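Summary of the model geometry
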Amino acid sequence: MKITDLKYFVYAPNATLPWFFVEVHTDEGVTGLGECTDYRGTPLLADGIEALKPIVVGADPAHIEEIWQRIFRYYTTFSGRGYISHLISGIDIALWDIQGKVLGKPIYQLIGGPVREVVPLYTHIQDYWYDGVTIDDAVRWAKETKAAGYDAIKTDPFKWQGPRDGDRHWGAYRVEHLPPRAIEEAVEWVGAVREAVGSDYELMVDAHGRFDVASAIRGARALEPFGLVWYEEPVPPESFAALKEVRDNTSIPICVGERLFTRYDFVPVFEQKLADYIMPDILWTGGISEIKKIAAMAEAYYVRISPHDALGPVSIMAGAHVSMTTPNFYRLECLHRWFDDFAKIVDPMFKVRDGAIEMSDRPGLGFELNHDAAEEFRMDPHLVNAVRTAGGTNWRKMQGARRKGAR
Ligand SMILES: [Mg+2]
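What you see is a predicted model; the values in this text were computed from it and never measured. For every chain, the first residue of its written sequence is number 1, and the numbers climb from 1 along that sequence. Restriction of local features to residues with pLDDT of at least 70 applies here, the model being predicted, together with a cutoff of 80 or more for giving and counting side-chain atom pairs; totals for whole chains, interfaces and linings are based on all residues. Excluding hydrogens and water, the side-chain figures rest on all heavy atoms present in the structure.

**Comments concerning the coordination of the magnesium ion**
Ligating atoms shown are N, O and S within 2.8 Å of the metal, or 3.2 Å for Na, K and Ca, and water is not included, meaning a site may look less than complete. Every protein donor of the magnesium ion is accounted for by Asp 206 (OD), Glu 232 (OE) and Glu 258 (OE), and the metal-donor separations fall at 2.0 to 2.2 Å. In the primary structure, the donors to the magnesium ion are separated according to the pattern D-x25-E-x25-E. One end of the pair, Asp 206, is in strand S6 (residues 202-206); the other, Glu 258, is in the loop between strand S8 (254-256) and helix H9 (262-271), and 52 residues separate them in sequence. Accessibility here uses a 1.4 Å probe with only protein chains present; expressed as a share of the type maximum, an area under 20% marks a residue as buried, one over 50% as exposed, and anything in between as partly exposed. The buried category is assigned to Asp 206, whose relative accessible area is 3%. Strands are runs of DSSP state E lasting at least 2 residues, helices are runs of H or I lasting at least 4, and numbering of each runs from the N terminus.

This is the structure:
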């Protein structure tokens, strides 16, 4: 079998984010589905997948590790991480989908087999940083989420401290400093959520890599009474020295990793004991092949893994296959309010019951993109950022810019 083509599709049935899908086509008619959605990288991803064609077309799709290494080393001057590991992830997941289809097995049966019966999820309530959100909203959302069967919630309780000028100045507010009132409000927010869900419920706080060291430490110490599972990305991801300073000054377990790419970025996290949980993103860190390796590294340090997932339907399903096989797994992230949007474009939709995914025994990932149904949501990847910049974070404005994509 030989790879004959790579294709990409950008579909936006979701009001928050357009999803970037990759298909690997073969000369035997078997097609693999992948995804490498990024919040702002959509035009780069489209160009990157195009550029990979001469490197990947003609290869045997069963040679997954060889293809992974070939792309990674080809772009060694880009460090292979970040942008390049996004591209690799989209291809890698599609190659595993092909292998599953060829062998008639779900992916989790090819990468070690199950160590659990279902994949427990955690989900979100809306973060406090959004305009107009109140603590009463948080209490209502937390109760609704618990009642819907979810056993764990993550939230960002810290109000926005930087300039708000739509998407154009996304980078301008970093690094933020937290004034005393913002920390008091964060305590009120988390306290109200804790009271709403009860003392035995799992709660996580995400700081989204926004803060200077002093703010991150003060925020952590203020939240210590609430029995949090973890405090996520307290400082921006570039400095392990800054992370260590926060780590050394709070008793809350630390989680990092959505902006660390490939096993190499995780070496300092383990060697310097910087985190209790890691959350690599399967679409960004190098796909199924890479997250399995990172999970094994974490296992050797008795660190648990909880794949980051705030992207499209392939993201969560690829993460679920890995999570089925990973002994040191905690929970898989999800945005459960997006499941209805997934169901508009994949067939069949995966099953969620009691806050957990029940895996099917269908081969490969277990679903296909329904291109006919998705057609009305298709976007030109090169228009995405222009629309986003013009429309700020009101993503619904983007719908007017749907154009024929590069199918
Ligand atoms: Mg996060």
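Having seen the structure, we can now continue with the description.
**A closer look at helix H5 (residues 135-147)**
With 13 residues, H5 extends 18 Å from end C-alpha to end C-alpha; this agrees with the ideal 18 Å at 1.5 Å per step. Within H5, burial applies to Ile 135, Asp 137, Ala 138, Ala 142 and Thr 145. The buried residues of H5 occupy an angular sector of 140° when the element is viewed end-on, so they sit on one face. In H5, the exposed residues that point more than 90 degrees away from the buried face are Asp 136 and Ala 147. By definition in these notes, contact holds between two residues if any of their heavy atoms fall within 4.5 Å. Its buried side turned inward, H5 meets strand S4 (119-124), strand S5 (152-155) and helix H6 (180-197). Of the residues one or two after H5, Gly 149 is the one with positive phi, at around 105°. A helix is expected to span 1.5 Å multiplied by its residue count minus one. This arc is taken over the directions from the axis of the helix to the C-beta atoms.

**So, the packing of aromatic side chains**
Each pair of aromatic rings taken from Phe, Tyr and Trp, with Trp reduced to its six-membered ring, is defined by centres within 6.5 Å and is described as stacked if the planes are under 30 degrees apart, edge-to-face if over 60, and tilted in the remaining cases. In the structure shown here, the tally under the stated rule is 22 aromatic pairs. Judged by centre distance (5.0 Å) and plane angle (35°), the ring pair of Trp 68 and Phe 72 falls under tilted. Of this pair, Trp 68 and Phe 72 are both found in helix H2 (residues 64-74), four residues apart, which corresponds to roughly one turn of the helix. Residue classification places Phe 72 among the buried positions, given a relative accessible area of 4%.

**A look at the packing of H2 against H9**
Remark: H2 packs on H9, axes separated minimally by 11 Å, with the N-to-C direction vectors making an angle of 75°. One way to sum up the angle between H2 and H9 is to call them roughly perpendicular. For the pair H2 and H9, the contacting residues are Trp 68, Gln 69, Phe 72 and Arg 73 in the first and Thr 262, Arg 263 and Tyr 264 in the second. Class assignment of the residues belonging to the contact of H2 with H9 gives a composition of three nonpolar, two polar and two charged. With axes taken as lines fitted to C-alpha atoms, and helix axes fitted only over the stretch in contact, angles between N-to-C directions fall between 0 and 180 degrees. Geometric relationships in this document are graded by angle, where less than 35 degrees denotes roughly parallel, more than 145 denotes roughly antiparallel, 65 to 115 denotes roughly perpendicular, and other angles denote oblique. Residue type decides the class: Asp, Glu, Lys and Arg count as charged, Ala, Val, Leu, Ile, Met, Phe, Trp, Tyr, Cys and Pro as nonpolar, and the leftover types, Gly among them, as polar.

**Structural notes on the domain arrangement of the chain**
Partitioning the chain into domains gives domain 1 (3-106 + 368-401) and domain 2 (109-358). Just so you know, the domain bounds were taken from an automatic or database domain assignment. Computed over C-alpha atoms only, the centres of domain 1 and domain 2 are separated by 24 Å. Each partner contributes to the interface: domain 1 provides 45 residues, whereas domain 2 provides 38 residues. Salt bridges are identified by distance alone: a Lys or Arg side-chain nitrogen within 4 Å of an Asp or Glu carboxyl oxygen. Where domain 1 packs against domain 2, one counts two salt bridges. Contributing elements (two or more residues each) for the side of domain 1 that touches domain 2: strand S2 (19-26), strand S3 (31-35), H2, helix H3 (83-103), strand S15 (368-369), helix H13 (371-374) and helix H14 (384-391).

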